[in-house]
Amino acid sequence: MRKMLMALIAVSLGCFLLLFGLLEASDNRGREPEPARQGVLDLRAWDFASDQVVPLDGQWEFYWNQLLEPGAEPASAANFIQVPGFWRQSIEAGKDEAKGAATYRLKIKLNPSALVYSLRISNIRMASEIYVNGVQVGGSGDPALSQEEYQYENKPYNVFFPVQGDTAEILIHAANYENTQGGIPYRIYFGSAQGIYDLNTNTTLLNVSLIVSLLMVGCYQLSVFIIRREEKGLLYFGLSCIVIAWSFASNGDRILIEYFDLPPEIYYKIQAISLYFSLVTMAMFIRTVCKGLIPRWFSESIVYGMGLYVCFVLVTPFQWYSRFNLLFSCLQISAYVVIIGLLVHSYWRGRYGEFNRKSLGLFILALGCYLIGLIDYSLYLSSLTLNYQMGYYAILGFCFLVSFIMSYRFSEAYKTIEGMASKLQQADKQKDEFLLHTSHEFQTPLHGIINLSQAMLEAGEELTESHLQNLSVIRDTSRRLSALVYDILDLERIKRNELTVHPAEVDVRVTVSLVFDLFRHLLVTKKVGLVNAVPADLPLVSADEDRLRQVINNLVGNALKFTGAGKITISAQAMADRVKILVEDTGAGIAPSDWDTVFQPFEQAHQEYGGTGLGLAICRRLLQLMNGEIYIEWSEPERGTRMAFTLPRADEASRQAQETLRPPENYAMAEQRSVVDLPQQGRGQFTLLAVDDQPANLQVLFRLFAKDPYNLLWATNGADALELLKSRSDIDLVLLDVMMPRMSGYEVCREMRKQFSLFELPIILLTVRNSPNDIAAGFKAGANDFIVKPFDALEVRARTETLLQLKQSVAAALKAELDFLQSQIKPHFLFNSLNAIISLCSTDGLRAEKLITHLSYYLRRCFDPRPDSFVLLQDELRLVEAYVEIEKARFADYLTVVYDVDQDALEKKILPLTIQPLVENAIRHGVTKKVDGGTVLLTIKLKADTLDVEVWDNGVGLSRDQLKNLWHRENSSAQRRGVGLANVRRRLRHFCGEELKVTSSEGEWTRVQFFSKV
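Worth saying up front: this structure is predicted, and the values here are computed from it rather than measured.

Basis of the calculations
- Residues numbered from 1 in each chain as written.
- Predicted model: local features only at pLDDT ≥ 70, side-chain atom pairs only at ≥ 80, totals over all residues.
- Heavy atoms only, no water.
- Salt bridge = Lys/Arg side-chain N within 4 Å of Asp/Glu carboxyl O.
- Helix = DSSP H or I, 4+ residues; strand = E, 2+ residues; numbered from the N terminus.
- Buried < 20%, exposed > 50% of the residue type's maximum accessible area, 1.4 Å probe, protein only.
- Contact = heavy atoms within 4.5 Å.
- Axes fitted to C-alpha atoms, helices over the stretch in contact; angles between N-to-C directions.
- Parallel < 35°, antiparallel > 145°, perpendicular 65-115°, else oblique.
- Left-handed = near helix turned anticlockwise from the far one by under 90°.
- Nonpolar A, V, L, I, M, F, W, Y, C, P; charged D, E, K, R; others polar.
- Expected span 1.5 Å × (residues − 1).
- Pairing = 2+ DSSP bridges.

## Some remarks on the pattern of salt bridges
For the coordinates displayed, the defined rule picks out 23 salt bridges. Between Arg105 and Glu61 there is a salt bridge whose closest N-O contact spans 2.9 Å. Of this pair, Arg105 sits in strand 6 (residues 100-109) while Glu61 sits in strand 3 (residues 58-64); the two residues are 44 residues apart in sequence, bridging distant segments of the chain. Comparing Arg105 with Glu61 shows no difference in burial state: the two are buried. One salt bridge in this structure joins Asp785 and Arg799, with 2.9 Å as the shortest N-O distance.

## A look at the environment of Tyr899
Positionally, Tyr899 belongs in strand 28 (residues 895-901). The spacing of Tyr899 and Leu938 is 39 residues in sequence and 5.0 Å in space, taken between C-alpha atoms. Leave out the neighbours within four places in its chain, and Tyr899 touches Val880, Glu881, Val884 and Leu938.

## As for the packing of helix 5 (residues 264-289) against helix 6 (residues 296-315)
At a minimum axis distance of 9 Å, the contact between helix 5 and helix 6 shows a crossing angle of 165°. Relative to helix 6, the element helix 5 is oriented roughly antiparallel. Seen along the crossing, helix 5 lies across helix 6 with a hand that is left-handed. Each of Lys269, Ala272, Ile273, Tyr276, Phe277, Leu279, Val280, Ala283, Met284 and Arg287 in helix 5 lies in contact with helix 6, whose residues at this interface are Arg296, Ser299, Glu300, Ile302, Val303, Met306, Gly307, Tyr309, Val310, Val313, Leu314 and Val315. Partitioned by chemical class, the residues of the contact of helix 5 with helix 6 number 16 nonpolar, two polar and four charged.

## Re helix 23 (residues 873-891)
With 19 residues, helix 23 ought to run about 27 Å at 1.5 Å a step, and its terminal C-alpha atoms sit 26 Å apart, in line with that. Every buried residue of helix 23 is listed here: Leu873, Glu876, Leu877, Leu879, Val880, Ala882, Tyr883, Val884, Ile886 and Glu887. Positive phi appears at Ala892, one or two residues downstream of helix 23, with a value of about 55°.

## Description of helix 13 (residues 545-561)
Taking 1.5 Å as the rise per residue, helix 13 with 17 residues should run 24 Å; its terminal C-alpha atoms sit 24 Å apart, in good agreement. Taken together, the buried positions of helix 13 are Arg547, Leu548, Gln550, Val551, Ile552, Asn554, Leu555, Val556, Ala559 and Leu560.

## A word on unusual backbone geometry
At the junction of Val83 and Pro84, the peptide bond is cis and its omega measures out at 0° in the coordinates. Residue placement: Pro84 occurs in the loop between strand 4 (79-83) and strand 5 (85-87). Note the cis peptide between Arg125 and Met126, where omega equals -10°. You can see Met126 is positioned in the loop between strand 7 (116-121) and strand 8 (127-132). Even without being glycine, Gln38 reaches a positive phi, approximately 55°. Look at Asp51: it is not a glycine, yet its phi comes out positive at around 60°. Relative to the helices and strands, Asp51 resides in the loop between strand 1 (40-42) and strand 2 (54-55).

## A look at the sheet that holds strand 13 (residues 188-192)
Ordered by their spatial adjacency, four strands build an open sheet running 2-13-7-10, and the pairing between neighbours is antiparallel. Two strands in the sheet have a free side with no partner beyond their single neighbour: strand 2 and strand 10 (157-162). Pairing of strand 7 with strand 10 involves six bridges; the strand directions are antiparallel. What sits directly across from Leu119, in strand 10, is Val159. Packed on one face of the sheet, helix 2 (residues 193-227) meets strand 7, strand 10 and strand 13 and runs near 130° to strand 13.

The structure is reproduced here in structure tokens:
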């Protein structure tokens, strides 16, 4: 860092010294003469032949509110004013006055000469005309004594004229009705025509060099930002440089209006906006690169404050906003002072934000340069300094320093990235080596498992059929794992260019048959058929037999993974010098956009199916080594895929051996039955549903519960599991794999929870992923428990048994509570019923006998030990009639009950004790609470396969608060009035999944309604 900084300083000083030397060498402003006194300037000793120019500084005659005609006598005595400078006082009024018109006059004493002289006018506010020896030689705008006749423009310009004699009288008419400061703020230069031309050229080059430098820096920063969009500092710094360039072009010597014909109003808006908007972009730049060092509220105040003022400039005329320019210029300088103070304070306290100590120091230095340039420029605009060379160098220094800081930050970031890339490459190399060594270590135990299981299968006279089947699953699963390890090893060999093949004559049909044999055990759980359609007379191919088998194995494995039902067909056809092999399936298909990417390592078209993404990449590389190629010939989503690969044909002589190698008959594997259709295990106390897309895992679960009292059902995907739940009502628990194609275990779990609660159907998730997020996601989806693969058999049995016992306990507790609620009989109801019967025994014995019959039926139904069994609607109505008759005996004409029941509905089944409690509630808490009694209307309509049950009464009704708290058992009044309704509501929701709807109008009526599927 120190060496780079010293080199930077040296280069910077060299550039500045070179630039300063060029400017000084080209400067044709000679030594300054004595200033004008009393309106007279003596230049007789000046050598105009050297093309040096002289400033016309000093005391000029000044006539306020007079525009003297050449040769005319002034109306008042002459006053004298300093040029350059503003007119700040009216001689007559003695008060501040900026708006008006005046005449400047200066007499220059010269040696008689035939030279053509010239004047350089930079700024006379806001309109001017110049007369030399009575002749008008130039002007800008139309000065006048009244604002109506006046027109402002104020462009820089040059005038040329000869001088006859030894005196040049310069008369300037100036007028200002727009700006807050009028007069001649900048120097007026006088000299030969060539001298003024050279001065104009040098001044223009000075300004253009600064403007172009700023624009180049700004465009460079914006170009880098386009590449690195996250670096907002580049954007704001680039915009700042461009805005500052526009500010220099429109202020100072104002080359923008000098060389471009712009309307004055447009030009002055550009001037003000560029000057003050630069603070907005700079504030955003400083806020971005100085995070944590500048209070956010302070930077936002600057941005919004200056932004509002810029908007004000845009929509108002010049004479409105010009009076505020001085105030906002002071605010602009104050803002930079505060920002630099805050950064110095942070630097002093050791807080550097995203900088280091040196870079923050350089940034403070850069802002100091910018502040110096801004102050010097402001002093020049205010006529307090005669030039702004210091500001010129300060602004260049600011841009250079900030560019260096930004470049240095990128350099450090690049070094960091290089270091990280090197570490990542080293880590990747170590990972590859670890993977290679680990894969080699895997092969030893895998080969042991495969060989031992194969040996036991070959000598399995004493083993049962079940044991032999388990050993086959172990052997075949180990082979699959071994194939995956070989894929990893092959990928590493491909990276190291160590993969080799040994071409020979190979029969494609035989190879396909061998591969199909390996996949036979995987079809137990799939409705997929394997068809070997390779022609019997297909020529032999030149290939490595083991590698060809690996290619076909990977292609069939992929097809089988993505095909839930249908068939996988392998066919082939001979071409001129090659053989084309086709592997076609009826599975998920591949979108055209993924046809190329699926052949890249670790890329997959269907992430939801799982896998490593290595198979097709290895197939492509193996076929390239065997002088073949692979591609997707056809594929459509949800319709299937046809993969094609080609291999060179073997020599003609090798075809003679073909017939001896050909199998005797076509090989084809018929479509297998789904696991759901296969006979299920045992007849136990509980029924379990195992859902997993891997047949080996289903076999493990099948053997795991072989000796337990469970019926085990299988499903290989989420859709089949959901269908099975719809068709089977006896499933007690679900063992659900998380990673499955199409629908993940989480999705299946959520769908199951829409039908069953946590206690109605316990779900255990089985997965290899056991991070806290995975566990949380499983429980959020509705799982009861979580078992991580590989699992222990004792753990699975224990967790399953615990959940089943918990389900039984909850069901028993719920049934007991419902039985308790159902069997409640109010004692006073029983006493009132008996009293009514006793009173009728002496007066109406027949009716008393009927009432005893009704009461007997009512009590028998209330104590029914099987309340969960559905009953016929006509039996439920008989209970309602029994209760109503008992109540009518008590209330006589005060109670009227009307029945409106569809006769077709009487044979339909309904949950018992659902209608009677509603009628009882309507009588006890509705009708009988009114002095004059009322009516209860029971309506039952059969609509398609649904019973619409409604109980309406014109009793006392319920208030809004009562309706709101109807189901809140904590409320004592609700508890007294709502036990019957609560009981019915809970039983309907539990057994039928229906809701009880209660509506009422206080003092008028109440309606209770529910629907029941039949």
